[in-house]
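Structural overview for review
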Amino acid sequence: MSSATWRNFFTYNKYAQITARAVRQSLKESERVVAEKRGTTALKYQQWENGVGGPQVLLKPEEVKKVGKSAAV
């Protein structure tokens, strides 16, 4: 079995996400907490109409979980 068999099942981004989570979980408690905070992401978007940008909206991870994936696209 080749070392790249993960490519048959996952995209590179999914593979990187799985391995990063495994590494974070293997850390000691204090280092794990710091690493998990670095892994938190947020989404900021701005709707443009007629060449003018509207207000920027920041979706925090907690809000994204409540709203669902379709609202963040």
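That block above? That's the structure.
Okay, so let's go over this structure. As the structure is a computational prediction, the values presented were derived from the model and not from experiment. (Residues numbered from 1 in each chain as written. Predicted model: local features only at pLDDT ≥ 70, side-chain atom pairs only at ≥ 80, totals over all residues. Heavy atoms only, no water.)

Looking only at helices and strands, the protein chain has three helices and two strands in total. Beginning at the N terminus, the succession of helices and strands in the protein chain can be written as α-α-β-β-α. Taking all 73 residues of the protein chain together, 5% fall into the buried category. Taking the contacts inside the protein chain whose residues are at least 6 apart along the sequence as the reference set, 3% of them involve residues at least 24 apart. As presented, the protein chain carries roughly 6700 Å² of accessible surface, and 55% of it is formed by carbon and sulfur atoms. (Helix = DSSP H or I, 4+ residues; strand = E, 2+ residues; numbered from the N terminus. Buried < 20%, exposed > 50% of the residue type's maximum accessible area, 1.4 Å probe, protein only. Contact = heavy atoms within 4.5 Å. Areas by Shrake-Rupley, 256 points an atom, 1.4 Å probe, with all protein chains shown as cover.)

The next thing to look at is the pairing of strand E1 (residues 43-49). Burial runs low along E1: only zero of the seven residues are buried. As paired elements, E1 and strand E2 (residues 52-59) share six bridges and run antiparallel to each other. Residue pairing for E2: Lys-44 is matched across the bridge by Leu-58. Connecting the antiparallel pair E1 and E2 is a turn made up of two residues, with Asn-50 showing a positive phi of about 55°. (Pairing = 2+ DSSP bridges.)

Once that is clear, we can look at a nonpolar patch on the surface. On the surface, Phe-9, Phe-10 and Ile-18 cluster together into a nonpolar patch covering about 310 Å² of accessible area. In this structure, Phe-10 sits in the segment before helix H1 (12-26). On the basis of relative accessible area, Phe-10 is assigned to the partly exposed category, the value being 36%. (Patch = residues over 30% accessible without salt bridge, like charges linked within 9 Å, V, L, I, M, F, W, Y side chains within 5 Å. Salt bridge = Lys/Arg side-chain N within 4 Å of Asp/Glu carboxyl O.)

Turning to the pattern of salt bridges, a few remarks are in order. Proximity of charged atoms lets side chains of opposite charge pair with each other. Applying the stated criterion to the full structure yields one salt bridge. Measuring nitrogen to oxygen at the nearest pair gives 2.5 Å for the salt bridge that ties Glu-29 to Arg-32. With Glu-29 and Arg-32 both in helix H2 (residues 29-38), this residue pair falls three residues apart, about one helical turn. On the basis of relative accessible area, Glu-29 is assigned to the exposed category, the value being 51%.

A few words on unusual backbone geometry. One non-glycine residue, Asn-50, adopts positive backbone phi at about 55°. Take Asn-50: it is sitting in the loop between E1 and E2. Exposure remark for Asn-50: the relative accessible area of 82% places this residue in the exposed category.

Looking now at the side chain of Arg-32. Side chain to side chain, Arg-32 and Glu-29 meet in a polar contact 2.5 Å long. When residues no more than four places from it in sequence are discounted, the contact partners of Arg-32 are Arg-24, Gln-25 and Leu-27. (Polar contact = N/O pair within 3.5 Å; in protein donor to acceptor, adjacent residues only side chain to side chain.)

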